[in-house]
Amino acid sequence: MKSDRIKFLVFALVVLLIPLPLSGGYLTNVLIFVGINSVLALGLNLLLGYAGQISLGQAAFFGLGAYGSGVLTTAYGFNPWLAMIVVAACVALFAFAIGFPVLRLKGHYLAMATLGVGVIVNIALNETVDLTGGPSGLSGIPNLAIGSFTFDSDVKNYYLVWVFALGMILLSLNLVNSRFGRGLRAIHDSEVAARVMGVNARLMKVQVFTLSAFMSAIMGSLYCHVMTFISPNSFGFHFSVEILTMIVIGGLGSVYGSILGALLLTLLPEMLRTFQDYDIIVYGLLLITMTIYLPGGLVEGIPALFRCLVPARKVTEGSDA
């Protein structure tokens, strides 16, 4: 536990110091999205990596958070902070309600059910033109502000997003090291054995599903107030696949693996612009490759590679001598 605190403090210090030499600009803007994607990946990792429950509809909760905050502030004049709280609570209740029937399913049936939720939400965002703007999107969303201090620049938004992200990361670290986290891992290993040992598997699966949706909704609200414009295309199936790819590449069942995967997959699209609409094929190939050759993700693969190289170097040095 003490080592976890030290790791988190070092990580938080690095995160808070990064913008100082950058002074805003494109890279700072990219790192804002790294923060948002880190929490989205972390929420899915709690559900899939720790509890073993797959979801292909994570983008739906992200979209509900974004559009909920956007509509409440633009159409009904809500204070953005109040809108964020109200929307996050409503999305969590929605996830809790659908969690009981959906999480009765397992494997690819569960994947299809969550995919269906994502598709329904995306269609609703496109079709409710009077409320959401439909395919044209929703504009005029105000920036978040504390009194007269407005988060209207890249550096300000960077700290806004990462303060929330660090809070979610700390919450997740405490959660996975708690009794609840041990129960999730027990469900992942064997739900039947977990039930025999007294774990309320059904309730815990719904709870972690709700928490994952809540985290996504919070990030959705932040996203809409940072961007001040949103459209349904940002919350479709494609983005759900991206989030899934992040945690597979970073490492299932790892908090920091989620962040590493989010960092790589947020930077990767900049390198895949020449592929245009074929980038989904690249994501699919990455998923297949990582699943076959590096199932533990980069968070386990990088140390393993280092351990393999160090003895090899010692042997080489010895033979040279």
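Now for a look at the structure at hand. Quick caveat, the model's predicted, so the values are computed rather than measured.

With that out of the way, let us pick up the overall build of the protein chain. Counting its secondary structure elements, the protein chain contains 15 helices and four strands. Once the C-alpha set of the protein chain is aligned to its principal axes, its extents read approximately 75 × 55 × 40 Å. Look at the contacts in the protein chain between residues 6 or more apart in sequence, and 78% of them connect residues 24 or more apart. Here the protein chain displays about 15600 Å² of accessible surface, and carbon together with sulfur accounts for 69% of that area. Measuring between centres, the 16 positive side-chain charges of the protein chain sit 17 Å from its 14 negative side-chain charges.

On to the packing of helix 5 (residues 80-102) against helix 11 (residues 201-227), then. A packed helix pair is summarised by two numbers, namely the angle formed by the two axes and the spacing between the axes. Two numbers describe how helix 5 lies on helix 11: the axes approach to 8 Å, and their chain directions differ by 150°. Here helix 11 runs roughly antiparallel to helix 5, going by the angle between their axes. For the pair helix 5 and helix 11, the crossing hand works out as right-handed. Side by side, helix 5 and helix 11 meet where Pro 80, Met 84, Val 87, Ala 88, Val 91, Ala 92, Ala 95, Phe 96, Ile 98, Gly 99 and Phe 100 of the first sit next to Arg 202, Leu 203, Val 206, Phe 209, Thr 210, Ala 213, Phe 214, Ala 217, Ile 218, Ser 221, Leu 222 and His 225 of the second. Partitioning the contact of helix 5 with helix 11 into residue classes produces 18 nonpolar, four polar and one charged.

Here we come to a nonpolar patch on the surface. A grouping of Tyr 278, Ile 280, Ile 281, Leu 285, Ile 288, Ile 292 and Tyr 293 is seen on the molecular surface, where their side chains present a nonpolar patch of about 780 Å² in accessible area. In this fold, Tyr 278 is placed in the loop between helix 13 (255-271) and helix 14 (279-293). Given the relative accessible area of 57%, Tyr 278 is considered exposed.

On to the pattern of salt bridges. Proximity of charged atoms lets side chains of opposite charge pair with each other. Under the counting rule described, the total for this entry stands at four salt bridges. When the shortest N-O distance is used, the salt bridge between Lys 106 and Glu 191 registers 2.9 Å. Residue Lys 106 is found in the loop between helix 5 and helix 6 (107-127), and its partner Glu 191 is found in helix 10 (residues 191-196); the two are separated by 85 residues along the sequence. A salt bridge links Glu 191 to Lys 205; the nearest nitrogen and oxygen atoms lie 3.3 Å apart.

The next point concerns helix 9 (residues 179-189). Along an α-helix, residues three or four positions apart point the same way, because every turn accommodates 3.6 residues. Every buried residue of helix 9 is listed here: Gly 181, Gly 183, Leu 184 and Ile 187. Take helix 9 and look down its axis: the buried residues cluster within an arc of 155°, on one side only. Exposed residues lying more than 90 degrees from the buried face of helix 9 are Arg 179 and Asp 189. Residues of helix 9 that are buried in the fold lie against helix 3 (26-50), helix 8 (154-176), helix 10 and helix 11. N-cap assignment for helix 9: the residue whose side-chain oxygen lies 3.3 Å from the backbone N of Phe 180 is Ser 178.

What follows covers the packing of aromatic side chains. Enumeration over the complete set of coordinates arrives at 15 aromatic pairs. Ring plane angle 35° and centroid distance 5.5 Å describe the contact between Phe 62 and Phe 239, whose orientation is recorded as tilted. Note that Phe 62 is positioned in helix 4 (residues 58-74) and Phe 239 in helix 12 (residues 237-250), a separation of 177 residues in sequence. Of the residues examined, Phe 62 reaches a relative accessible area of 3% and is grouped as buried.

Examined against the element boundaries, Ser 254 turns out to sit in the loop between helix 12 and helix 13. Relative accessible area serves as the criterion here: at 14%, Ser 254 is assigned to the buried category. With residues near it in sequence (within four places) discarded, Ser 254 still touches Asn 45, Tyr 50 and Val 299.

What follows covers the nonpolar core. With 93 residues, the main nonpolar core has Ile 36, Phe 62, Ile 169, Met 219, Ile 230 and Phe 235 as its most contacted residues. Those residues in contact with Met 219 that sit more than four places away from it in its chain are Gly 35, Ile 36, Val 39, Leu 40, Phe 62 and Phe 164.

Cut-off values and rules
- Residues numbered from 1 in each chain as written.
- Predicted model: local features only at pLDDT ≥ 70, side-chain atom pairs only at ≥ 80, totals over all residues.
- Heavy atoms only, no water.
- Helix = DSSP H or I, 4+ residues; strand = E, 2+ residues; numbered from the N terminus.
- Contact = heavy atoms within 4.5 Å.
- Areas by Shrake-Rupley, 256 points an atom, 1.4 Å probe, with all protein chains shown as cover.
- Lys, Arg positive; Asp, Glu negative; His and termini not counted.
- Charge placed at Lys NZ, Arg CZ, Asp CG, Glu CD.
- Axes fitted to C-alpha atoms, helices over the stretch in contact; angles between N-to-C directions.
- Parallel < 35°, antiparallel > 145°, perpendicular 65-115°, else oblique.
- Left-handed = near helix turned anticlockwise from the far one by under 90°.
- Nonpolar A, V, L, I, M, F, W, Y, C, P; charged D, E, K, R; others polar.
- Patch = residues over 30% accessible without salt bridge, like charges linked within 9 Å, V, L, I, M, F, W, Y side chains within 5 Å.
- Salt bridge = Lys/Arg side-chain N within 4 Å of Asp/Glu carboxyl O.
- Buried < 20%, exposed > 50% of the residue type's maximum accessible area, 1.4 Å probe, protein only.
- Arc of directions from axis to C-beta.
- Polar contact = N/O pair within 3.5 Å; in protein donor to acceptor, adjacent residues only side chain to side chain.
- Phe/Tyr/Trp six-rings, centres within 6.5 Å; stacked < 30°, edge-to-face > 60°.
- Core = buried A, V, L, I, M, F, W, Y, C linked by side-chain atoms within 4.5 Å.

All quantities given are derived from atomic positions and should not be read as evidence of function.
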